[in-house]
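Close look at the chain arrangement
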Amino acid sequence: MSGPSIQALGLTRRFGPFTAVDQVTFEVSRGEIFGYLGANGAGKSTTIRMLTGLLAPTSGEARVAGFDVARDPEAVKSSIGYMSQKFSLYLDLPVSENLLFFGGAYGLWGKELRLRVDEILELTGLRALRAATTGSLPGGTRQRLALGCAILHRPGVVFLDEPTAGVDPVARRQFWRLIRDLAAEGTTVFVTTHYLDEAEYCRRIGLMADGRLVALDSPPALKRTWVPERVLVARGRNLAAAASALSGRPGVAAVEPFGAGLHLRVEPELWDAVSVHAALAAGGAAEVAVEEAEPSLEDVFLAVVGRPQPGAAPAEGRP
Amino acid sequence: MKGRLGHFLVRVGAIAAKEVLHIRRDPRTLYMALVMPVVMLLLFGFGVSFDMERIPLAVADRDGTGASRELVDAFVAPGEFALSHRSGPEEAHELFRRGRALALLVVPRDYQRDLARGAAVSLQLLVDGADPVTANQILAKADAIVRSVGQARALRAGLSGQLPLRVKVYTLYNPEARSAEYLVPGLAAYLMAIAAVLLTALTVAGEWERGSMEQLFASPVGRLDIILGKLLPYLGLGILQLLLVLGVGTAVFDVPIQGSPLMVFALGLLFLVGMLGQGLLISVVTRNQLVATQAGALSALLPSMLLSGMLFPIENMPLVLRALSYLIPARYLVHGLRGVMLKGNGLAVLWPDLLALALLAAAVLAAATGRFKRRLA
């Protein structure tokens, strides 16, 4: 298959008067990990459901694995793997039976199915748990099994809707190792998440707000575009009083408490670590240490979501 | 296995195999399918018997002769009535109210004399009509006893011409008028209907509630795959149930199978498919296990009990209900089973029942598949 794995063009879904997904356009190329971020209700799951052929778009179009989702949803379904937001395997069945069932659902059977199930058990590290009842597994292990069920038929594209919600950090890391292995083998991964640290693993990120795709780029590029200010972290004593003296000064975009210290975004032309240090000391803080920090995706997220979005074009000439 | 059909069969097989695992892991399903119907059949079969024995009978013998004692003996000796009191007719109310007797026989003075003279003798029987089923049986039994006593006497006295000759009534097919023979085919329909509808009513709704339906819909699994995959294992279970109910019916209640067991099986199979399909339709429409259970129980229970002819003859129903009964599969099963089990009817007589069951089953399965929305909203 040539061309992008996923193409969405003006994809829109309305539920009555409510527009859940509004004119979303993007492309995801083969083997890419594409992160889809946004607050609850921003339209992430609705986008996935349209791309997986579960929900018909109101307007616009999308092609997944080369097939039109509205005209040929069955072909789409055969070529993709899908992990829905709600854990939906059969808790009363053993691990291996869940895999065998979903293999059968995709038309695998006999020796081919058994071999593939063994492969997946190996890949997901569930070999020792094959006979365990699924309901007895911890959340992270279940999610690995769910991913295993979604990739049994070797789909070219997998859609993962918040696959690590409620999973502990160690298990999340394991899970993302699996995702990166998949992508390295050429599988396209479309993943939504709440965890901004996870989004760093994605080659590109789309940010959804109120049904619109308001930003789309690689994590470093997003940071450059959306957080042009210098990010500084200040530590010391008596910072709170000094902070109020600093906020509101020209060129100071934000002063926020961050742990025991302060998190500042300042215009690079007007402020640097030295001048901020001086200003804080003048404001009454003691033992001040200021250093420059890399903006996080959280900064990006706050910048994007916190900003009003008039019309289709992002504010202040930003892309 | 290659090709579209191959993939279809693999998918249906996968769903059926999964369903079998669910059933094996949930003893409640097996209980509902196999234990409950047998328990209910035994309860109904033994408990809801219309056959009465030792009906308490009070007697007011105003004659007190050999003939009158002979008459009372005729009531009591076969065991159908038991003499509870000797009293006057004025005590009837008291006896009935306290349940000491259900009937009171008044033998008039000069009974023996009038009988000997060949004069018309009228006996009085007061019956407690509070329970019409019982009252009817008492009347029928008393009528038969009096008639046979009269005939015996007339023969002995050589007065055969004196007694008006009445039509002798024979009861065909169920000569002893045993209610088990009447009830078991109806009960089989009733119990199978409930169990079958409830079994499948839960299964599709369960997939919706679990969220696995969304997962299935994102795969190549189609509506028909799900319907068939869900139907087949429960059909297997239903066949076991059918054999159990019929086995208990014939072994415990001595209900005969005069006709072909194959015909019994064919009727039962078509009925099961229809009932399982009804459960699937309910499940597909409600998407909720609780609602599906209630809707399933109501839709299976009431029509199969009230409109099937199991308890109440369809011929006696008001036109609207009679018309409605044509849509109730249990109607055809009850009619068919009684035909083949009690009368030994074959295909020549029972094909309309088979055809109706097949059509209703096909219609309900088509409706279930049609109402099954594969898209989410």
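Some details on the domain arrangement of chain A
Taken domain by domain, chain A comprises domain 1 (6-223) and domain 2 (228-294). Each of domain 1 of chain A and domain 2 of chain A has a C-alpha centre, and these two points are 41 Å apart.

Focus: the pairing of strand E8 (residues 188-193) of chain A
All names here are of chain A. By the criterion of burial, E8 is predominantly enclosed, with 6 of the 6 residues buried. Where strand E3 (residues 33-38) lies against E8, 5 bridges are found, and the strand directions are parallel. Counterpart to tyrosine 36 in the pairing with E8 is threonine 192. For strand E7 (residues 157-161) and E8, the ladder comprises 5 bridges, and the chain directions are parallel. The residue of E8 that forms the bridge with valine 158 is valine 189.

Things to note about the domain arrangement of chain B
Its domain assignment divides chain B into domain 1 (3-48 + 178-371) and domain 2 (55-156). The C-alpha centroid of domain 2 of chain B is placed 48 Å from the C-alpha centroid of domain 1 of chain B.

Some remarks on helix H2 (residues 27-47) of chain B
Most pronounced at B:Val35, the bend in H2(B) amounts to some 35°, and the proline B:Pro37 follows within four residues. For H2(B), every residue scored as buried is listed here: B:Thr29, B:Ala33, B:Pro37 and B:Leu41.

So, the environment of A:Arg203
All names here are of chain A. Note that arginine 203 resides in the loop between helix H7 (196-199) and strand E9 (204-209). The exposure class of arginine 203 is partly exposed, given the 15 C-beta atoms found within 10 Å. Among all residues touching arginine 203, those that are not within four sequence positions of it are Glu32, Ile33 and Ser218.

Description of the sheet that holds strand E4 (residues 59-64) of chain A
Residue and element names in this part refer to chain A. Across the sheet, 4 strands lie side by side as E2-E1-E4-E5; this open sheet has antiparallel pairing. The open sheet has two edge strands, strand E2 (18-28) and strand E5 (67-68), and neither has a second partner. Of the pairings in the sheet, the one linking E4 to E5 comprises 2 bridges and is antiparallel in character. Bridging across to E5, arginine 63 finds its partner in aspartate 68.

Observations concerning the packing of helix H1 (residues 3-25) of chain B against helix H9 (residues 223-253) of chain B
All names here are of chain B. At a closest axis distance of 8 Å, the pairing of H1 and H9 adopts a crossing angle of 45°. Classified by the interaxial angle, the pair formed by H1 and H9 is oblique. As H1 packs across H9, the resulting crossing turns out to be right-handed. When H1 is examined against H9, the residues Phe8, Arg11, Val12, Ile15, Ala16, Glu19, Val20 and Ile23 are found in contact with a partner set consisting of Asp225, Ile226, Leu228, Gly229, Lys230, Leu232, Pro233 and Leu237.

So, the interface of chain B and chain A
For interface size, the figure often reported is the accessible area lost on association. Each partner contributes residues to the interface: chain B has 24 residues there, and chain A has 23 residues. Looking at the side of chain B that touches chain A, the elements with two or more residues in it are H1 and helix H8 (212-217) of chain B. Here the side of chain B that touches chain A gets 9 residues from one element, more than from any other, and that element is H1(B). Here the side of chain B that touches chain A is built from residues that sort into 11 nonpolar, 7 polar and 6 charged.

The rules behind the values
Residues numbered from 1 in each chain as written. Chains lettered and ligands numbered in written order. Predicted model: local features only at pLDDT ≥ 70, side-chain atom pairs only at ≥ 80, totals over all residues. Domains from an automatic or database assignment. Buried ≥ 20, exposed ≤ 12 C-beta atoms within 10 Å, placed from the backbone. Helix = DSSP H or I, 4+ residues; strand = E, 2+ residues; numbered from the N terminus. Pairing = 2+ DSSP bridges. Bend = angle between axes of the 7 residues up to and from the residue. Contact = placed C-beta atoms within 7 Å. Axes fitted to C-alpha atoms, helices over the stretch in contact; angles between N-to-C directions. Parallel < 35°, antiparallel > 145°, perpendicular 65-115°, else oblique. Left-handed = near helix turned anticlockwise from the far one by under 90°. Nonpolar A, V, L, I, M, F, W, Y, C, P; charged D, E, K, R; others polar.

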